[in-house]
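Commentary on secondary and tertiary structure
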Amino acid sequence: DSMEKVLITGISGGQGRLLARRLLDSFEVCGVDRVAWEGRPKNVAVHQVDLRKRKFEDVFRTEQPTAVVHMGMVRHFRVSEQVRHDVNVRGTKQLLDHCVHYGVQKLVMISSSYVYGAAADNPFYMDEDFPLGATRSYPEMRDLVEVDTLASAFIWKYPHIRTAVLRPVNVLGYYVHSMIGEYLRQQRVPTVMGFDPMMQFIHEEDVSEAIALTLQHGLQGVFNVVGPGAVPVSVAIREAGSTALPMPEQLMRPLIGRLFRWGVVPYPAGAMDYIKYPVTLSGKRFVDATGFRPLFGLEEIFHSVRR
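Rules of the game
Throughout this description, residue numbers start from 1 for each chain and increase along the sequence as written. Local features in this predicted model are restricted to residues of pLDDT 70 or higher, and side-chain atom pairs are both shown and tallied only at a pLDDT of 80 or more, whereas totals for entire chains, interfaces and linings draw on every residue. Calculation of side-chain values draws on the structure's entire complement of heavy atoms; hydrogens and water are dropped beforehand. By the criteria applied, helices consist of DSSP H or I runs no shorter than four residues and strands consist of E runs no shorter than two, each listed in order from the N terminus. As defined in this context, the radius of gyration uses C-alpha atoms, and a globule is described by 2.2 Å times the residue total to the power 0.38. Only the protein chains shown count as covering a residue, and every accessible area follows the Shrake-Rupley method with a 1.4 Å probe. His is not counted, nor are the chain ends; Lys and Arg add positive charge and Asp and Glu add negative charge. Note that the charge is assigned to NZ on lysines, CZ on arginines, CG on aspartates and CD on glutamates. Only rings of Phe, Tyr and Trp enter the pairing, Trp through its six-membered ring, and a pair is recorded when the two centres are within 6.5 Å. The plane angle decides the type: under 30 degrees is stacked, over 60 is edge-to-face, the rest tilted. Here's how the labels work: a residue is buried when its accessible area is under 20% of the maximum for its type, exposed when over 50%, partly exposed in between, all with a 1.4 Å probe on protein chains only. Grouping buried Ala, Val, Leu, Ile, Met, Phe, Trp, Tyr and Cys residues that are joined through side-chain atoms within 4.5 Å yields what is termed a nonpolar core. Two residues qualify as a contact provided that any one of their heavy atoms is within 4.5 Å of a heavy atom in the partner residue. Each pair of strands is called paired provided DSSP finds at least two bridges between the two strands. The convention used is that axes are lines fitted to C-alpha atoms, helices contributing only their stretch in contact, and that angles between N-to-C directions extend from 0 to 180 degrees. Here a crossover is taken to be right-handed if, once the strands point away from the viewer, the path from the first strand over the helix to the second is traced clockwise.

**Things to note about the overall build of the chain**
Within the chain, the regular secondary structure consists of ten helices and twelve strands. Over its C-alpha trace the chain gives a radius of gyration of 19 Å, about what one expects of a compact globule, namely 19 Å for 307 residues. Entry remark: accessible area of the chain is about 13,900 Å², with carbon and sulfur atoms responsible for 52%. Mean positive and mean negative side-chain charge positions of the chain (35 and 33 charges, respectively) differ by 5 Å.

Spelled out as structure tokens, the structure:
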């Protein structure tokens, strides 16, 4: 039998490249990105297009993928909020329309644990039914919450397309670029004085494995994807080879806000809540559906970003 063909958005990024190589034994792989993938495998077709443009539809028309993995979203804050929202929300709407019109059978949307929001009353190990509250104190996250909500609605509107929304915890690794990675790689890492919440981490290779299992099992629904365990923020900082710098919140929050506006730090003041309050998820639903077990322990995860 001929192999299924999977289209990966954001294929030129660190996670996209890892996933493409992970899937090559089981799928024909193609992808789209706004930047080129230099040195890509010869059997991976990469189309350099913007998800919001007409040429993106041409990719569906010519490649005819049976499966799509959507990770081609802007997750950093180096562009304006308007551009980020347009790329993420309008680009995702375009992708969902193309999946319907071109007969895609499986769709995997990569969301984030951040959509749950960080709050003092968060329970430990939230499941997938917990409401998404990130925009309450972190308005810069509204686009990712909106994308997650669009995908969740898509599951029920088009049940014939096996759609899965994955919400991985903090992703670290050699190749993936994440905000938590940039935070931990600082020499002196600011923390909120008096707070040391538990945090969960997962290795970039385990995220690729989770996506591969999702495709293999044809999962449908929303799934948290968690790593080998949780540690306090202070331990994560120490294990990453950095030094914690506790600061009073009344000083830290306006300072981070100004430094972000000046482009000195890569995260806005709203991100502070994620190092103040716990955001820990239950991954039981995904484990029950796939038998997933992370291959990388916490020591290996932190070693991948160690200074």
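**A word on the packing of aromatic side chains**
A complete count under the given rule lists 15 aromatic pairs for this structure. Here Tyr-116 and Phe-130 contribute two aromatic rings whose centre-to-centre distance is 6.4 Å and whose plane-to-plane angle is 55°, an arrangement assigned as tilted. In this pair, Tyr-116 sits in the loop between β5 (106-110) and α4 (142-157) while Phe-130 sits in the loop between β5 and α4, placing the two residues 14 residues apart along the sequence. By relative accessible area, which is 0% here, Tyr-116 ends up buried. Where Phe-124 meets Tyr-125, the ring centres are 6.3 Å apart and the plane angle is 40°; that geometry is what we call tilted.

**Observations regarding the nonpolar core**
Within the largest apolar cluster, 102 residues are counted, with the highest numbers of intra-cluster contacts made by Ile-8, Val-29, Val-69 and Phe-201. In this structure Ile-8 touches Gly-16, Leu-19, Ala-20, Leu-23, Val-29, Cys-30, Gly-31, Val-32, Val-69 and Met-71, once residues within four positions along its chain are discounted.

**Structural notes on the sheet that holds strand β7 (residues 170-172)**
Strand order in this open sheet of three strands is β7-β9-β11, and the pairing throughout is mixed. Across the chains shown, the open sheet's two edge strands, defined by having one partner strand only, are β7 and β11 (230-232). Between one strand and the next, the sheet's axes are offset by a mean angle of 50°, whatever the strand orientation. Note that β7 and strand β9 (residues 198-203) share three bridges and pair parallel. Bridging from a neighbouring strand, Asn-170 pairs with Phe-201 of β9. Most of the contacts of helix α6 (residues 204-217) go to β9, to which it runs at about 70°, and overall it touches β7 and β9.

**Here's the deal with unusual backbone geometry**
Phi is positive for Gln-64, which is not a glycine, with a value near 50°. Of note, the phi angle at Tyr-125 is positive, near 60°, even though the residue is not glycine. Its place among the elements puts Tyr-125 in the loop between β5 and α4.

**Structural notes on the pairing of β5**
Burial within β5 is extensive, with five of its five residues counted as buried. Because side chains alternate across β5, one face comprises the buried residues Lys-106, Val-108 and Ile-110, and the other comprises Leu-107 and Met-109, equally buried. With four bridges connecting them, strand β4 (residues 67-70) and β5 associate as parallel partners. Bridging from a neighbouring strand, His-70 pairs with Met-109 of β5. For the crossover from β4 across helix α3 (residues 81-101) to β5, the handedness is right-handed. Strand direction decides the pairing type here: β5 and strand β6 (residues 162-168), joined by five bridges, are parallel. Bridge pairing in β6 places Val-108 opposite Ala-164. Crossover connection from β5 via α4 to parallel β6: handedness right-handed.

Without other data, these values stay purely geometric and don't point to any function.
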